[in-house]
Amino acid sequence: TSSTTTAAAAAGAASNERIEKWLREELQHLLRSLAALPTSVSGGGIDRAALCRIVKEQGVIEALLQLFPEPKRDGGEFTPFSVTLLPSTTELPSPVVLGNAARCLLHYADEVVTAQDIFLQEKWHGIEKLICGMATITDIRVRRNISIVLAKGIKAMSTQPNGQRVRERITHYRGLQMMIQLQDQL
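All figures in this text were calculated on a predicted structure; none of them were measured in a lab. (Residues numbered from 1 in each chain as written. Predicted model: local features only at pLDDT ≥ 70, side-chain atom pairs only at ≥ 80, totals over all residues. Heavy atoms only, no water.)

J.: What should I look at first to understand helix α2 (residues 48-57) in this one?
T.: An α-helix turns once every 3.6 residues. As a result, residues three or four positions apart point the same way. Among the residues of α2, those classed as buried are L51, C52 and V55. Seen from one end, α2 has its buried residues packed into an arc of 100°, which puts them on one side. Backbone geometry just after α2 places G59 at a positive phi near 75°. (Buried < 20%, exposed > 50% of the residue type's maximum accessible area, 1.4 Å probe, protein only. Helix = DSSP H or I, 4+ residues; strand = E, 2+ residues; numbered from the N terminus. Arc of directions from axis to C-beta.)

J.: I'm lost on the pattern of salt bridges in this one. Help?
T.: Side-chain pairs of opposite charge can arise whenever the charged atoms involved come near each other. Following the criterion strictly, the structure yields 7 salt bridges and no others. Here K129 ties to E70 by a salt bridge, and the two come within 3.6 Å at their closest N and O atoms. Highlighted residues: K129 in helix α6 (residues 126-136) and E70 in the loop between α3 (60-66) and α4 (95-108), separated in sequence by 59 residues. The exposure class of K129 is buried, given its relative accessible area of 7%. Linked by salt bridges that have partners in common, E70, R73 and K129 make up one network. (Salt bridge = Lys/Arg side-chain N within 4 Å of Asp/Glu carboxyl O.)

J.: Explain the environment of R144 here, please?
T.: Looking at the secondary structure, you find R144 in helix α7 (residues 140-157). In this structure, the C-alpha to C-alpha distance between R144 and A102, residues 42 residues apart in sequence, is 9.3 Å.

J.: Would you explain the side chain of R169 in this entry?
T.: Along the chain, R169 falls in helix α8 (residues 163-172). Classification of R169 by relative accessible area gives buried; the value is 13%. Of the polar contacts made by the side chain of R169, one reaches the backbone oxygen of F119; its length is 3.1 Å. Engagement of the side chain of R169 in a polar contact is seen with the side chain of E128, the distance being 2.8 Å. Setting aside chain neighbours within four positions, we find R169 in contact with F119, E122, I127 and E128. (Polar contact = N/O pair within 3.5 Å; in protein donor to acceptor, adjacent residues only side chain to side chain. Contact = heavy atoms within 4.5 Å.)

J.: When you look at the packing of α6 against α8 in this model, what are you seeing that I'm missing?
T.: Helix packing geometry: the angle between the two helix axes and the distance between the axes. Across the interface, α6 lies against α8 with an axial gap of 10 Å and an inter-helix angle of 35°. Where α6 crosses over α8, the handedness of that crossing is right-handed. For the pair α6 and α8, the contacting residues are I127, E128 and I131 in the first and V166, R169 and I170 in the second. When its residues are assigned to classes, the contact of α6 with α8 shows 4 nonpolar, no polar and 2 charged. (Axes fitted to C-alpha atoms, helices over the stretch in contact; angles between N-to-C directions. Left-handed = near helix turned anticlockwise from the far one by under 90°. Nonpolar A, V, L, I, M, F, W, Y, C, P; charged D, E, K, R; others polar.)

J.: Hey, could you run me through the packing of α7 against helix α9 (residues 175-185) in this one?
T.: Here α7 crosses α9 at 130°, and the two axes come no closer than 10 Å. Judged by the angle between their axes, α7 and α9 are oblique. In this structure, α7 crosses over α9, and the sense of that crossing is left-handed. From α7, I140, R143, R144, S147, L150, A151 and I154 reach across to α9, where they touch L176, M179, L182 and Q185. (Parallel < 35°, antiparallel > 145°, perpendicular 65-115°, else oblique.)

J.: Looking at this model, I keep getting lost on α9. Mind explaining?
T.: The complete set of buried residues in α9 reads G175, M178, M179 and L182. When α9 is viewed along its axis, its buried side chains cluster within an angular range of 105° and face the same direction. Turned more than 90 degrees away from the buried face of α9 sit I180, Q183 and D184, all of them exposed. Elements in contact with the buried residues of α9: α6, α7 and α8.

J.: What exactly am I supposed to notice about unusual backbone geometry here?
T.: Among all residues except glycine, the phi angle is most often negative; among peptide bonds, the trans geometry is most common. Phi is positive for H125, which is not a glycine, with a value near 55°. Within the element layout of this structure, H125 appears in the loop between α5 (112-120) and α6. Phi at R174 is positive, roughly 65°, even though this residue is not glycine. Summarising the element assignment, R174 is placed in the loop between α8 and α9. Residue classification places R174 among the partly exposed positions, given a relative accessible area of 34%.

These values are about where atoms sit, not about what they do.
Here is the structure:
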């Protein structure tokens, strides 16, 4: 009976691994589809503003930001140093998943209605998570996409009443510095 229990446990572990692999693949497919949606609707009679309102109403921005690593804190606070460290979790998200999530955010970072969610919803820590991702993910394509999201956010929010705060926070967490350094690597 001991060998039966061991065999059942091994079969259960293999099944869990297959399920996790399938879930990762489905998540990657979903993110690729979401990333392509704004460009595919531009000529299809749906305007970007309407799409952004739907995205906002359905909580898509929050879901995308949750895919990014949660930065470490120093004394319970995010600091310019702590957000550039490897995240608190033991496992970094897949670069493919983060790259596709960043591609999704690219389309929404330059629309004010969704940029406000990305950059001003402090409970979601969008700026901190994006900078943590840019600092800790080694895939240059993912880092470039995150850099573009941050740049688009600075531009989109520059005309808004508290838009200067977005630039100040990105600068405070050394995001602007990383963006400049990254530009030299491309």
